Amino acid sequence: MVKFLVKRVLMACVILFFVMFIIYTLMSSLPTSYMETVAREMSSKAGTTKSYQEWLDELNAFYGMDKGVIVGYFVWLGNAIKGNFGDSWYWTVPVIEKFNEVIWRSFYLGVAAFVLEMGIAIPLGVVAAKKQYGFVDYSVTVVSLIGISLPTFFTASILKWIFAVNLGWFEIDGMQSRYYAMMSPWGQFWDIVWHYILPCMTLVITGIGGVMRYVRTNTLEVLNADYIRTARAKGLSERRVIGYHAFRNTLIPIVTILGNSLPGLFSGALITETLFSIRGIGYASYYSLRNGDIPFTMFYLAFIAILTLLGTLLADVLYAAVDPRVRVN
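What comes next concerns the included structure. Residue numbers restart at each chain and count upward from 1, following the sequence in its written direction. With the structure being a predicted model, the display of local features is reserved for residues of pLDDT at least 70 and the display and counting of side-chain atom pairs for 80 or more, all residues being used for whole-chain, interface and lining totals. Where side-chain values are given, they derive from all heavy atoms of the structure, hydrogens and water being excluded.

Another point: unusual backbone geometry. Positive phi is not limited to glycine here, since T92 has a value of about 55°. Residue Y133 is not a glycine yet carries a positive backbone phi of 65°. Starting at the N terminus, helices and strands are each numbered in turn, a helix being any DSSP run of H or I of at least four residues and a strand any DSSP run of E of at least two. Within the secondary structure, Y133 is located in the loop between α5 (95-130) and α6 (135-149).

The distinction between a cavity and a pocket rests on a 1 Å grid over the protein atoms alone: a 1.4 Å probe fits inside a cavity but cannot get out, while a pocket stays open yet meets protein on both sides within 12 Å along at least five of seven lines, and a residue with an atom within 4 Å of a point counts as lining. Grid points are joined across faces, edges and corners, and a volume is the space filled by probe spheres set on the points. Applying the stated rule across the entire model yields one cavity of 30 Å³ or more. Considering only enclosed or pocket space, the largest cavity measures out at about 60 Å³ in volume. F170, E171, I172, D173, G174, W194, H195, L198, P199, F276 and I278 together form the lining of the largest cavity. Of the residues forming the lining of the largest cavity, the biggest block, four residues, is contributed by helix α8 (residues 185-223). For the lining of the largest cavity, the class distribution of residues is seven nonpolar, two polar and two charged. Here the term charged refers only to Asp, Glu, Lys and Arg, the term nonpolar to Ala, Val, Leu, Ile, Met, Phe, Trp, Tyr, Cys and Pro, and the term polar to all other amino acids, Gly among them.

Moving on, we get to a nonpolar patch on the surface. Residues F153, F154, I158, W161, I162, V165, L167, W169, I172, L270 and I271 make up a contiguous nonpolar surface patch of about 1,000 Å² in total accessible area. For the nonpolar patch, the elements supplying multiple residues, two or more each, are α7 (152-166) and α11 (270-276). Considering every element that reaches the nonpolar patch, the biggest residue donor is α7, with six residues. Considering the arrangement of structural elements, one finds F154 in helix α7. Each patch is built from salt-bridge-free residues with over 30% relative accessible area, joining like charges within 9 Å and nonpolar side chains (Val, Leu, Ile, Met, Phe, Trp, Tyr) within 5 Å. Method for areas: the Shrake-Rupley scheme with a 1.4 Å probe, in which residue coverage is limited to the protein chains shown. Any carboxyl oxygen of Asp or Glu that lies within 4 Å of a side-chain nitrogen of Lys or Arg is treated as forming a salt bridge with it.

What follows is the structure in structure tokens.
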């Protein structure tokens, strides 16, 4: 196991190196950057003696963007290894400070949506497979297909139109009510939870369909296996056959979902957070990318790449824990 983990970690480091080089190259080639915006503003101010190009050259030299892609990437990589990701050009604070400010808002939203999604999708997928071609199966199939087909922005708009505009149960966007500062700590907590309900519903609705279909398909495959027929022939109750023998083997492909879900718990929901003005990591990364904030965007993408590699490694290790037939060698 130790040899396997060391080999996979070294392989992940190589992959991460080239992934971040590609991302740095793309970020350096953006048609619009923060420096160009600032240079344009500075050159248009009254009394300035520098032209747009002079301001742009000065800013590029100050931020180290005049060294070329390869040299600039190794400069960024050396600083990143030391934990120095620089200052955000758009948010005007250190990248780590901004990250610590917004990451937990996205994490709480992601965890709530993930727990609800798994808690609803897995049981419904198993029941749909157990009642194949029945009313429950067709109902779950329709719901899952609707969830898969609905784009996030459309789902969010419908939820806001129904529950915020027509019914008035929730605010259209934002994280706090206007009287938030006057509330008790317990009241402030429930006020934030209240604002998180619609974004959480959006994530659950758009994500639940794929998981239900995935669980249903794999459960059907397991239920048609020989050992399931043997267990039924021995006189075991249907509840034990489904709940113990079938569900345990259904967990093997579900491990893939759990491993791949790790980045989503921390990476934020860019579209959902932007539509609901939830100032999490997805919201911050959207405005950073839109304004050419290379330091923050590079850190965010490096963070997502590391989580993706860790999620894949975690899924491989969990395979051996769930399925005794799988051995790491």
